[in-house]
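Single-letter residue listing:
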Amino acid sequence: MSHQHNHDHDHGHGHDHHHEHVEAEGSWRDAEDDRPLSVARRRFLAGLGIAAAGSAAFADPAAAHEPERPSRPVNPWNGHDRWYAGDHHIHTQYSPGAQYEVATQVAKAREHGLDWLVITDHGGVAHQKFSVDLVAPDIEKARRRYRDTLVYQGLEWNIPGAEHATVFLPPGRSTVDILRAFEAAYDGGVLSTPVSQGGKGLIARATSSDGEPYALAALRYLEAQVLAGRTEVALMFANHPARRGLDSPHELRGWRDAAPGVAVGMEGAPGHQAAGIPAANGGRGGARGFYEGAPNADSFPGYQPSALENPYRTYGGFDWMTAKVGGLWDSLLAEGRPWWVTSTSDSHQVHRDTFVPGTQDHNTTGSRGAPVDTGKPQVYGDYWPGSYSSTLVGARSKSYVDVMRGLQGGKVVAVHGGLVDGLDLRVRSGLDGRGVTIGGRTFVERGGDVEVVVEVRLARRPNFGGVVPRLAKLDLIGGPVTGPAADRDALSAPGTEVLKTFEVARTARGTVRFTHTFRAVETSFYLRLRGGDGNRLTAAGGPVVDVIGDADPWSDLWCYANPVFIDVV
């Protein structure tokens, strides 16, 4: 994989709930009836390698879809993929805590090497009533002005009963209508706001557990829009999943099961990375990602901090769910459950920028108005899109739908600080001589061998922190695929470990190549890759918990590639 630029900016709590609720247009429930939509859904699931399930699976979050072995390899390797850098979590003046115009965010994203980006202003009553419609023409203008950059319209969904998520669609005649209807029916902020204030008043709080059924219904609604032909694809990524401990393991599993083609992953690394810059260095002196909280009434109790581990902190800038080997992400992968990780900016207000928010009342207008230039650098917690975080996506072409298909299929690498310029993974066996790449699935005969080949394009030029980053090592991590967990709140995979560490010579330049062969394979397993600059490591070679007030993001860089699954046949 290498990141190809097409412009001149190559810079290197399951609860029963009985409130009456009106479904948004296009909703449906019974997956086993003979309506064309239901038939299409079963074909859709089969194409994703997911076993179709009866309607009971939708009514009961504990009823899991079991992975079904696809008939041919997924994400076949071809050696010349084009990969596109992007960011699916960006805010504008149409969010209450942000300030920039759409055109500014798009221009800055291009300047920092991004090929695609998603505008995701905060959901809620004001956004649903005003902002969805206000931002649409601004996005259209940006698309016309910057024709070499893909600009998606989405929103940051307040997941009922949980945290936030990116939801987005490709441009289309129904895009704005779908987003507006989705938000009105299923946003936690709308559902928890009293009717007297313009909301629905159906749940206690946006994050209270009585909202969980609405989240599942919301994802099924989006999937229904795809199956009905109103949009070609719709995607959801859970944002900063461990920040407040709100996304319980059973919710993550429930989202994936409810709509496997929509709910496909989470931010492996949150935005707000500049928030960790020490105050002595002119920074905010907080926590990377604003991960500085503690459990609250709606947090999953299994995420209890201890003297040795704190799920509410980042580790090398990455969310604890992703960074812990054998942790929650691995518990999902050990089930054979595709679940991808990304890296975003969550850009609201950029550190050292001179602008402050406009003076309009967002609650009554849906906009902060144009930002105001103070002429003085401000202390904020964010970076511009692409200047620190990047999500590299493998796609057949630089088109709206193809990039979303790449995200949907897990052909994704999350990178901080330009640590690598590219990464190519090839996993193959005697049954699949061509092999598969990131996000893929392949097969091996019991007792056969599996060859892994990794080629990494090392950084060639300074990043936006002013230094040429150096990849010191690459960890090959993996574990057995043991099938669906009996406990829907399982958050560990005891069989997962670092299987091999490849050291990168300090004198290495250009592309480095590593190989490893698993011999006489007897059980199905998965693999994933993690790279680091080696500056801050635990005794086991993993990322160290970030210290609040002293976490310069540029001095501790990591990248994560999504998994490959290997089925024994």
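Here the structure is a predicted model, which is why all the values come from computation and not from measurement.

Turning our eyes to something else, we now look at the overall build of the protein chain. Counting secondary structure elements, the protein chain contains 12 helices and 22 strands. Counting over 569 residues, the protein chain shows a buried share of 62%. Taken as a whole, the protein chain presents about 20,500 Å² of accessible surface, with 50% of it coming from carbon and sulfur.

What follows deals with unusual backbone geometry. Positive phi, normally seen in glycine, also occurs at His 272, with a value near 55 degrees. As for its position among the elements, His 272 is in the loop between strand 7 (263-269) and strand 8 (314-315). A relative accessible area of 5% means that His 272 is categorised as buried. Positive phi values are uncommon outside glycine, yet Ala 520 reaches one of about 50 degrees.

The next point concerns the packing of aromatic side chains. Evaluated as defined, the whole model comprises 17 aromatic pairs. Measuring from centroid to centroid gives 4.8 Å for Phe 502 and Phe 514, while their planes differ by 25 degrees, and the two rings are stacked. Of the two residues, Phe 502 sits in strand 19 (residues 497-503) while Phe 514 sits in strand 20 (residues 511-518), which places them 12 residues apart along the sequence. Across this residue pair, the class does not change: Phe 502 and Phe 514 are buried. An aromatic cluster of three or more residues is present, and its members are Trp 116, Tyr 152, Phe 168 and Tyr 400. The ring of Trp 77 carries the charged tip of Arg 426 above its face, separated from the ring centre by 3.7 Å.

Quick look at the environment of Thr 507 now. By secondary structure assignment, the location of Thr 507 is in the loop between strand 19 and strand 20. When the C-alpha atoms of Thr 507 and Arg 470 are compared, they prove to be 10.0 Å apart, with 37 residues separating the residues in sequence.

On to the pattern of salt bridges, then. In the structure shown here, the tally under the stated rule is 28 salt bridges. Arg 460 is the partner of Asp 421 in a salt bridge, and the nearest nitrogen-oxygen pair spans 3.0 Å. Taken together, the residues span a long stretch of sequence, with Asp 421 in strand 15 (residues 420-429) and Arg 460 in the loop between strand 17 (450-458) and strand 18 (473-480) at a distance of 39 residues. One salt-bridge network, held together by shared partners, links Arg 253, Asp 257, Glu 335, Arg 337 and Arg 488.

Moving on: helix 3 (residues 102-111). Val 102, Gln 105, Val 106, Ala 109 and Arg 110 are the residues of helix 3 that are buried. Here the buried residues of helix 3 occupy an arc of 135 degrees about the axis, which is enough to place them on one side. Buried residues belonging to helix 3 abut strand 2 (82-90), strand 3 (116-119), helix 4 (125-145) and strand 4 (150-158). A positive backbone phi angle near 90 degrees is found at Gly 113, which sits one or two residues after helix 3.

Core analysis: the biggest nonpolar cluster contains 127 residues, and Trp 157, Met 236 and Trp 255 have the highest contact counts within it. For Trp 255, the residues in contact, after removing those within four places along its chain, are Ile 159, Ala 162, Ala 215, Leu 216, Leu 219, Met 236, Ala 238, Asp 247 and Ala 263.

Now for the environment of Gly 276. Turning to its location among the elements, Gly 276 is positioned in the loop between strand 7 and strand 8. The class of Gly 276 is buried, set by a relative accessible area of 0%. For the pair formed by Gly 276 and Gly 286, sequence separation is 10 residues and the distance between their alpha carbons is 4.9 Å. If sequence neighbours within four positions are ignored, Gly 276 has contacts with Gly 286, Ala 287, Arg 288, Gly 549, Asp 550, Ala 551 and Asp 552.

A separate point is the packing of helix 3 against helix 4. Taken N-terminus to C-terminus, the directions of helix 3 and helix 4 make an angle of 35 degrees; their axes are 9 Å apart at the nearest point. The way helix 3 lies across helix 4 gives a crossing that is right-handed. Across from Val 102, Ala 103 and Val 106 in helix 3, the residues of helix 4 making contact are Val 135, Asp 138, Ile 139, Ala 142 and Arg 145. Of the residues belonging to the contact of helix 3 with helix 4, the class tally is 6 nonpolar, no polar and 2 charged.

Fine structural detail should not be taken from predicted coordinates in areas where pLDDT scores are low. Looking at the protein chain as a whole, the pLDDT averages 90, with 88% of positions reaching at least 70. Within the protein chain, strand 6 (residues 235-239) carries the highest mean pLDDT (99), whereas helix 2 (residues 56-59) carries the lowest (27). Taken together, the stretch residues 4-39 has pLDDT below 50 and engages in 101 contacts with residues farther than four places along the chain or on a different chain.

Before going further, it helps to examine the packing of helix 5 (residues 175-186) against helix 7 (residues 212-227). Running from N to C, helix 5 and helix 7 point in directions that differ by 165 degrees, and their axes come no closer than 10 Å. Here helix 5 lies roughly antiparallel to helix 7, going by the angle between them. Relative to helix 7, the crossing made by helix 5 is right-handed. Residues Ile 178, Ala 181, Phe 182 and Tyr 186 of helix 5 pack against Tyr 214, Ala 217, Ala 218, Tyr 221, Leu 222 and Gln 225 of helix 7. Taken together, the residues of the contact of helix 5 with helix 7 sort by class into 9 nonpolar, 1 polar and no charged.

A few words now on the environment of Glu 232. In this structure, Glu 232 sits in the loop between helix 7 and strand 6. Between the C-alpha atoms of Glu 232 and Pro 171, which are 61 residues apart in sequence, the distance is 9.5 Å.

The next subject is helix 4. For helix 4, which comprises 21 residues, the first-to-last C-alpha distance of 30 Å matches the rise-based estimate of 30 Å (1.5 Å per residue) to within 8%. The largest bend along helix 4 reaches roughly 50 degrees and is located at Ser 131. The set of residues buried in helix 4 consists of Val 125, Ala 126, His 127, Gln 128, Ser 131, Val 132, Val 135, Ala 136, Ile 139, Ala 142 and Arg 143.

Cut-offs used in this document
- Residues numbered from 1 in each chain as written.
- Predicted model: local features only at pLDDT ≥ 70, side-chain atom pairs only at ≥ 80, totals over all residues.
- Heavy atoms only, no water.
- Helix = DSSP H or I, 4+ residues; strand = E, 2+ residues; numbered from the N terminus.
- Buried < 20%, exposed > 50% of the residue type's maximum accessible area, 1.4 Å probe, protein only.
- Areas by Shrake-Rupley, 256 points an atom, 1.4 Å probe, with all protein chains shown as cover.
- Phe/Tyr/Trp six-rings, centres within 6.5 Å; stacked < 30°, edge-to-face > 60°.
- Lys NZ or Arg CZ within 6 Å of the ring centre and 35° of its normal.
- Salt bridge = Lys/Arg side-chain N within 4 Å of Asp/Glu carboxyl O.
- Arc of directions from axis to C-beta.
- Contact = heavy atoms within 4.5 Å.
- Core = buried A, V, L, I, M, F, W, Y, C linked by side-chain atoms within 4.5 Å.
- Axes fitted to C-alpha atoms, helices over the stretch in contact; angles between N-to-C directions.
- Left-handed = near helix turned anticlockwise from the far one by under 90°.
- Nonpolar A, V, L, I, M, F, W, Y, C, P; charged D, E, K, R; others polar.
- pLDDT = per-residue confidence, 0-100.
- Parallel < 35°, antiparallel > 145°, perpendicular 65-115°, else oblique.
- Expected span 1.5 Å × (residues − 1).
- Bend = angle between axes of the 7 residues up to and from the residue.

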